[in-house]
Amino acid sequence: SPQLKAKQLSCTVEIAPDVPTIVFGDEARTFQIVTNLLSNSIKFTPPLGKIGIKIGVFGECPSAVPNHVWLSFEVSDSGRGMTHAEQGSLFTPYFQTDSGINREHQGAGLGLSIVKGLIDLMGGTIKV
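This structure is a prediction, so every number in the text was calculated from the model and none was measured. (Residues numbered from 1 in each chain as written. Predicted model: local features only at pLDDT ≥ 70, side-chain atom pairs only at ≥ 80, totals over all residues. Heavy atoms only, no water.)

Describing the pattern of salt bridges
A full pass over the atoms with the stated rule returns two salt bridges. Of the charged contacts, one joins Arg29 and Asp26 as a salt bridge, the two residues approaching to 3.5 Å between their closest N and O atoms. Its relative accessible area of 31% is what places Arg29 among the partly exposed residues. A relative accessible area of 31% places Asp26 in the partly exposed class. (Salt bridge = Lys/Arg side-chain N within 4 Å of Asp/Glu carboxyl O. Buried < 20%, exposed > 50% of the residue type's maximum accessible area, 1.4 Å probe, protein only.)

Take a look at the structure:
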């Protein structure tokens, strides 16, 4: 990403060995979720910071079809972090941790509420 390079962020990706080589699912929604999460990490991580993503198997799907698994995606960064109050409102539409007129970051505050909605539609969970 141009922003990743401009801020000189390091990015690591770890894929657990038990993640299947081929997976089936909603590719478009999964891409949007991961893209939104990484975009937030890039936005709120200071220059020369670190971003990481880990992909793992969360467990077996409650399905009659064998070999179906839930995947977990964990995004981390070296940003400033959030207070407990901010964490509690994180998935609320239009919520922004920095809402003053001189705020540093742009956006409408919809990205994470959209992520939560998509994850809910797919039967998953998201947490901080």
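A short note on helix 2 (residues 27-44)
Compared with the 26 Å implied by 1.5 Å per residue over 18 residues, the 26 Å span of helix 2 between its first and last C-alpha is a close match. All buried positions along helix 2 are accounted for by Ile33, Val34, Leu37, Ser41 and Ile42. Buried residues of helix 2 fall within an arc of 165 degrees about the axis and therefore sit on the same side. Across helix 2 from its buried face, at more than 90 degrees, point the exposed residues Ala28 and Phe31. (Helix = DSSP H or I, 4+ residues; strand = E, 2+ residues; numbered from the N terminus. Expected span 1.5 Å × (residues − 1). Arc of directions from axis to C-beta.)

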